[in-house]
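Structural overview for review
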Amino acid sequence: MTLEDLAAIVAARAQADPDSSWTAKLLAKGPEKCAEKFGEEAVEAIIEAIRDDKPRLTSEAADVLFHLLVMLQSRNVPLSDVMDELARRQGTSGLAEKASRSQ
């Protein structure tokens, strides 16, 4: 599965009945709830990384990616825009890119 595949699944489920789809139910609660859920999953991934529990980190990382895509969907930000931004940054030093955002 690719991120593009997962984004397409999220987009399709966004149109589903919230009573039959976790994704639709979460999206129906609004962008703020989607962002909150993404944050919860990110913290859980951090905890598993600190614990060095690779299987749990793998599971939590999957949750993070899924909930990131749900959060993007909630704000109508296509994954392609994120990928375009990453492509724009390619070839630029991470330190230089970060410094350019500080100005």
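These notes cover the structure that comes with them. (Residues numbered from 1 in each chain as written. Predicted model: local features only at pLDDT ≥ 70, side-chain atom pairs only at ≥ 80, totals over all residues. Heavy atoms only, no water.)

Our focus in this paragraph is the overall build of the protein chain. If you tally the helices and strands in the protein chain, you get six helices and zero strands. When the helices and strands of the protein chain are read in sequence order from the N terminus, they spell out α-α-α-α-α-α. By principal-axis analysis of the C-alpha atoms, the protein chain measures approximately 45 × 35 × 25 Å. Taking all 103 residues of the protein chain together, 23% fall into the buried category. (Helix = DSSP H or I, 4+ residues; strand = E, 2+ residues; numbered from the N terminus. Buried < 20%, exposed > 50% of the residue type's maximum accessible area, 1.4 Å probe, protein only.)

Here we come to helix H4 (residues 54–74). An ideal rise of 1.5 Å per residue puts 30 Å on 21 residues; H4 measures up with 30 Å between its terminal C-alpha atoms. Its side-chain oxygen 3.1 Å from the backbone nitrogen of Arg56, Asp53 forms the N-cap of H4. Looking one or two residues beyond H4, the residue adopting positive phi is Asn76, at roughly 55 degrees. (Expected span 1.5 Å × (residues − 1). Polar contact = N/O pair within 3.5 Å; in protein donor to acceptor, adjacent residues only side chain to side chain.)

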